[in-house]
Amino acid sequence: MIQISDKAKDRIDVLRAEDGLTENHHVRVSVKGGGCSGLMYDLDFDDNIQDSDQVFEDKGIKVLVDKKSLLYLAGTTLEFSDGLNGKGFQFINPNATRTCGCGESFAV
């Protein structure tokens, strides 16, 4: 399961509205090879649910995850920070054994 913090939910709602998207545009989270730690997170809106997707819902936000990515993301919380150390989405991933300095890539 992937959880969404209150701040991340609020930011998703704002971005969806700014882009003129409907509630049928869900959040797709996936993992791809790359980055300085070996794996990278990918986050986007998607209105196409694939048969192979796992669908989670938290705080009224549907999250789509392909089966391969789910192996790396189980138990992850999507957070949003707008503090002095930077602005953006962050993944609090209990499966990551190391992350890069920017937090956009990880290893398991």
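Above this text sits the structure in question.
Residues numbered from 1 in each chain as written. Predicted model: local features only at pLDDT ≥ 70, side-chain atom pairs only at ≥ 80, totals over all residues. Heavy atoms only, no water.

K.L.:
How do you make sense of the environment of Ile 2 when you look at a structure like this?
P.N.:
With respect to the helices and strands, the residue Ile 2 is situated in the segment before β1 (3-4). Judged by its relative accessible area of 3%, Ile 2 falls in the buried class. Each C-alpha atom of the pair Ile 2 and Glu 57 lies 8.2 Å from the other, and the pair is 55 residues apart in sequence. Aside from chain neighbours lying at most four places away, what touches Ile 2 is Phe 56, Asp 58, Val 63, Val 65, Leu 73 and Thr 76. (Helix = DSSP H or I, 4+ residues; strand = E, 2+ residues; numbered from the N terminus. Buried < 20%, exposed > 50% of the residue type's maximum accessible area, 1.4 Å probe, protein only. Contact = heavy atoms within 4.5 Å.)

K.L.:
Even after reading the chapter, I still don't get the pairing of strand β2 (residues 26-33), so can you show me in this structure?
P.N.:
In the case of a regular strand, side chains alternate between the two sheet surfaces. β2 sits mainly inside the fold: 6 of its 8 residues count as buried. Pairing of β2 with strand β3 (residues 39-46) involves 8 bridges; the strand directions are antiparallel. Following the sheet pairing, Lys 32 is matched in β3 by Met 40. Of the strand pairs in this sheet, β2 and strand β5 (residues 61-66) are connected by 2 bridges, and their pairing is parallel. (Pairing = 2+ DSSP bridges.)

K.L.:
Hey, could you run me through the pattern of salt bridges in this one?
P.N.:
Side chains that carry opposite charge are capable of pairing whenever their charged atoms lie near each other. Taken as a whole and assessed by the stated rule, the structure comprises 6 salt bridges. Between Lys 32 and Asp 42 there is a salt bridge; the shortest N-O distance is 3.2 Å. With Lys 32 in strand β2 and Asp 42 in strand β3, the pair connects residues that are 10 residues apart, well separated along the chain. What makes Lys 32 partly exposed here is its relative accessible area of 46%. On the accessibility criterion, Asp 42 (29% relative accessible area) is partly exposed. One salt bridge in this structure joins Asp 58 and Lys 59, with 3.6 Å as the shortest N-O distance. Since its relative accessible area comes to 15%, Asp 58 is described here as buried. The class for Lys 59 is partly exposed, based on a relative accessible area of 37%. (Salt bridge = Lys/Arg side-chain N within 4 Å of Asp/Glu carboxyl O.)

K.L.:
I keep staring at the environment of Lys 62 and nothing clicks. Help me out?
P.N.:
Residue placement: Lys 62 occurs in strand β5. Linking Lys 62 and Glu 23, residues 39 residues apart in sequence, is a C-alpha distance of 8.9 Å. Residues in contact with Lys 62, not counting those within four places in the same chain, are His 26, Val 27, Val 55, Phe 56 and Glu 57.

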